[in-house]
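Remarks on the overall topology
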Amino acid sequence: MSQIHFVGAGQMAEAIIRAALSRKAVSARDITLADIDPERITRLRERYQLSSTHSEIDALAAADYIVIGVRPQDDIDGVARHIGQYASPQATIISIIAGVTLERLATLFGATRPIVRMIPNTLTDTGYGYSGVVFNQQVEAEPLMPFLESFGKVMLLEERLIDAFTGFAVAGINYVYYFIESLADAGVLSGLSRPQATKVVWENLVGGVEMLKISDKHPRQLMDINNSPAGVGINGLYELNNSDFAAGLQRSVMTAVRRTTELSGH
Ligand SMILES: NC(=O)c1ccc[n+]([C@@H]2O[C@H](COP(=O)([O-])OP(=O)(O)OC[C@H]3O[C@@H](n4cnc5c(N)ncnc54)[C@H](OP(=O)(O)O)[C@@H]3O)[C@@H](O)[C@H]2O)c1
């Protein structure tokens, strides 16, 4: 198995480690960590029984994949200089830093080095949800995929779509949580208990996705099945059509996309 070294052992790095271990995409002895905070390393080593005995520099030198999990405002130049000094030239850099482009990563880590830019989502423990992934030309995808796919499905993207992907897909789970909460509230308003309403919403959500998958139909076609003339369904939809539901949702996504671009400083 490949050696994977994490630089920046924060929340996202931990989520990736937890998912990769639980799906057996990596073994605990092949994961090493570096972080400004030594206690954080100790805590994660204990929590996930990471058993490598490498020193930080040996771990960096032995790594096949180096995951950069620091924040955009951290000393990325310093991180890159340190990696450049000790890592093998063949080691693949996997950057999860929001807003840092492949071009900048190539300047930092070298134009001939394999580099992956990716935006993971926060559903890492579930096996659902897409990470947005961009490879440079040097990346050999096949051996890397089991690791990348262990903490989310992989959607290969053109880099120009990364901001759109972040605002729409990575922030997207927020809209789903919000929708679930709002619909469960509606159930309570109608007279069901909170647990009853929540169960119904979860089931309808999963069932709706399953129906779309097995029927291969557009959502509007499935709505038609549910709407008899002058019936309950079409009356409910009439009210929803009169609301700001669709446009409000779409404005929210566009605002999140714009904010991603603002933060990236493009
Ligand atoms: N959270 C998300 O939903 C999400 C989704 C997609 C992408 N991302 C990206 O993932 C990255 C990490 O996010 P996060 O939420 O995991 O942040 P985080 O919990 O703050 O983790 C960053 C870690 O890196 C450490 N660090 C800072 N500078 C360092 C250096 N020079 N060398 C080694 N370690 C250093 C930090 O230590 P200190 O705290 O002591 O400074 C911290 O432990 C960010 O770039 C973010 O844009 C996050």
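The preceding data block contains the structure.
Throughout, residues of each chain are indexed from 1 in the direction in which the sequence is written. For a predicted model such as this one, the threshold for reporting local features is a pLDDT of at least 70, and the threshold for listing and counting side-chain atom pairs is 80 or more; totals across whole chains, interfaces and linings nevertheless cover every residue. The side-chain numbers reported here are obtained from all heavy atoms of the structure, hydrogens and water having been left aside.

**Topic: the site of the ligand**
The test is simple: Note on terminology: near, applied to a residue and a molecule or strand, indicates that one of the residue's heavy atoms is within 4 Å of it. The term polar contact refers here to a pair of N or O atoms within 3.5 Å; inside protein, the definition further demands a hydrogen-donor-capable atom paired with an acceptor-capable atom, and it admits residues adjacent in sequence only when both atoms are side-chain atoms. Accessibility throughout is a Shrake-Rupley quantity obtained with a 1.4 Å probe, and a residue counts as covered only by protein chains that appear here.
In the region of the ligand, 17 residues are neighbours, and Gln-11, Met-12, Asp-35, Val-70 and Arg-71 sit closest. A distance of 2.6 Å separates an oxygen atom of the ligand from a polar backbone atom of Val-70. At 2.6 Å, a side-chain N or O of Arg-71 approaches an oxygen atom of the ligand. Relative to its unbound accessible area of 900 Å², the ligand is 75% covered by the protein chains.

**So, the nonpolar core**
The line we're drawing: By convention a nonpolar core is built from buried Ala, Val, Leu, Ile, Met, Phe, Trp, Tyr and Cys residues, the set being connected through side-chain atoms within 4.5 Å. Relative accessibility under 20% of the residue-type maximum defines a buried residue, over 50% an exposed one, and the middle range a partly exposed one, all with a 1.4 Å probe and only protein chains included. A run of H or I in DSSP counts as a helix once it spans at least four residues, and a run of E counts as a strand once it spans at least two, with each numbered from the N terminus. The contact criterion used is simple: two residues touch if any of their non-hydrogen atoms lie within 4.5 Å.
Counting 30 residues, the largest nonpolar core has Phe-6, Leu-33, Ile-94, Phe-147 and Leu-148 as the members making the most contacts within it. Counting only elements with at least two residues in this core, the list comes to β1 (4-7), α1 (11-22), β2 (31-34), α2 (38-47), β3 (65-68), β5 (115-119) and α6 (141-148). Those residues in contact with Ile-94 that sit more than four places away from it in its chain are Tyr-65, Ile-66, Val-67, Ile-68, Val-116, Met-118, Leu-144, Phe-147 and Leu-148. Grouped together as the second largest cluster of nonpolar side chains are 26 residues, Ile-68, Ile-83, Ile-93 and Val-170 included.

**A word on the pattern of salt bridges**
To be explicit about the condition: Each salt bridge in this description consists of a side-chain nitrogen of Lys or Arg and a carboxyl oxygen of Asp or Glu lying within 4 Å of one another.
Under the criterion given, the structure shown has 11 salt bridges. The salt bridge partner of Arg-160 is Glu-158, with a shortest N-O separation of 2.9 Å. Salt bridges here are not isolated pairs; linked through shared partners, they connect Glu-14, Arg-18, Arg-40, Arg-47 and Asp-125.

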